[in-house]
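Take a look at the letters that make up each chain.
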Amino acid sequence: IKGTLDLLLVPEAVPAVAPVLPGIKVIPGLPVLSFWHWIIAIFIVAAVHEFSHGIIARLYNTKVKSSGIALFGPILGAFVEPDEKQLTKMSNKVQLAVFSAGPFSNIVLGVIFIVIMNGISAPIYEKVFQGDGIIVNDIMEKYPAANSGIKTPFTITKLNGKQTLDMKEFVESTKDLKPGDTLSLETDKGKYDIKSVENPNNKTRAFIGISNFDVKTKVRSNILSRYGSFWPSVFAWFHMLIFWMVVVNIGVGLFNLLPLGPVDGGRMFLTFSLAIFKNKKKGKKLWALVTYLILLLILINLLPFLWKMLVFLAKPLMMLLGA
């Protein structure tokens, strides 16, 4: 609800829900998800999620009718099918345990990968790679950057004469800027002097209307001379896999806890509703009402992605009509 309100009221807010799709930048601030990272992450997430349901079901002596690995085109998945008739006869505690097992396991696995990333891969990554500029992917309309004529994406290397090759240097260079200050940006597309305005979220801070940043990196010279470029690129690939294991596990785990229809959170909420209302019709009516509300919120959050997809699909038609 908060994410939806921010999306409607705050200019630079990002959707609270995003599709997990490879090859396109769906979430500002996150890197593009590669095809193989997507396949591996989705398979591990699905396997852990589904088999956790099965393990907890068997723990409470609920029959598992079938389980296995599934193939949906290029996507590997997993499935576990507990005996629904037997499960509905179990106590509310058992049903909630079985339903919550999948998302709970995904969140725990995500936390494990956070520890691996912060304790192992991220420190090594900093030793192997260094910043080489701040990539700006989005410019907000009606703000100074848009009026300057600069086109995205562009890479900032200096700000007001100060080197800004990583986010630490970029934050250090911008933290004391006030509305009305002129920002001199040295970029890969030339030099731009842009007068700032008030930040819509903090009127004491300077703002020029740029967002969705990435850090351009390169292999450190001492690593490059010793190991070449191949092994650093291999390490970067595995580091990115660990990163996406964090994002996808926690994201999928949280999404599955939404009180939405047939997903785990929806089934948990239905069990909860039926326990409160002895009248099953009232319990199901509350469950349906909440499901429709969540569906509406998800649809609002997906509108930016649906619009981008519509524009992408319409381009060939517009070019054809123009021709």
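Please refer to the structure placed before this passage.
J.: Before we go on, may I ask you to explain the overall build of the protein chain in this structure?
T.: Helix and strand counts for the protein chain stand at 10 helices and 10 strands. Reported as C-alpha extents along the three principal axes, the dimensions of the protein chain are approximately 70 × 50 × 50 Å. Out of the 323 residues in the protein chain, the part that is buried amounts to 34%. Put simply, of all contacts in the protein chain between residues at least 6 apart along the chain, 64% involve residues at least 24 apart.

J.: I'm lost on helix α4 (residues 92-128) in this one. Help?
T.: Two residues of an α-helix separated by three or four positions point the same way, owing to the 3.6 residues in each turn. Compared with an ideal rise of 1.5 Å per residue, which puts 37 residues at 54 Å, α4 spans 52 Å between its outermost C-alpha atoms and is within 8% of the ideal. A bend of about 45° at M117 is the largest found in α4.

J.: Mind showing me how you'd approach the packing of α4 against helix α8 (residues 230-255) here?
T.: A pair of packed helices is characterised by two quantities: the angle between their axes and the separation of those axes. Where α4 contacts α8, the two axes come as close as 8 Å, and the packing angle between them is 155°. By the angle between their directions, the pair α4 and α8 is classed as roughly antiparallel. In this structure, the crossing between α4 and α8 has a hand that is left-handed. Of the residues that constitute the contact of α4 with α8, the class distribution is 22 nonpolar, 6 polar and no charged.

J.: Looking at this structure, I do not really get the packing of aromatic side chains. What am I missing?
T.: In this description, a pair of aromatic rings is defined by centroid distance and the angle of the planes. As enumerated under the stated definition, the model contains 10 aromatic pairs in all. Seen in terms of ring centroids, F35 and W38 are 5.9 Å apart; in terms of plane orientation they differ by 55°. Their pairing is tilted. One end of the pair, F35, and the other, W38, are both in helix α2 (residues 35-59), 3 residues apart, so they sit about a helical turn from each other. Relative accessible area serves as the criterion here: at 37%, F35 is assigned to the partly exposed category. Assessed through its relative accessible area of 13%, W38 is described here as buried.

J.: Please explain the pairing of strand β4 (residues 154-159) as it appears in this structure.
T.: Working note: regular strand, side chains alternate between the two faces of the sheet. Bridge analysis of strand β3 (residues 129-139) against β4 gives 3 bridges, and the strand direction is antiparallel. Paired with V136 across the strands is F154, a residue of β4. Direction of pairing for β4 relative to strand β6 (residues 182-187): antiparallel, over a ladder of 3 bridges. The residue bridging I156 from the neighbouring strand is T187, located in β6. Sheet topology note: the β4/strand β5 (residues 162-163) ladder contains 2 bridges and is antiparallel. Within β5, the position partnered with L159 by the bridge is K162. In this structure, the hairpin formed by β4 and β5 is closed by a connection of 2 residues, where N160 is found at a positive phi of approximately 55°.

The rules we used
Residues numbered from 1 in each chain as written. Predicted model: local features only at pLDDT ≥ 70, side-chain atom pairs only at ≥ 80, totals over all residues. Heavy atoms only, no water. Helix = DSSP H or I, 4+ residues; strand = E, 2+ residues; numbered from the N terminus. Buried < 20%, exposed > 50% of the residue type's maximum accessible area, 1.4 Å probe, protein only. Contact = heavy atoms within 4.5 Å. Expected span 1.5 Å × (residues − 1). Bend = angle between axes of the 7 residues up to and from the residue. Axes fitted to C-alpha atoms, helices over the stretch in contact; angles between N-to-C directions. Parallel < 35°, antiparallel > 145°, perpendicular 65-115°, else oblique. Left-handed = near helix turned anticlockwise from the far one by under 90°. Nonpolar A, V, L, I, M, F, W, Y, C, P; charged D, E, K, R; others polar. Phe/Tyr/Trp six-rings, centres within 6.5 Å; stacked < 30°, edge-to-face > 60°. Pairing = 2+ DSSP bridges.

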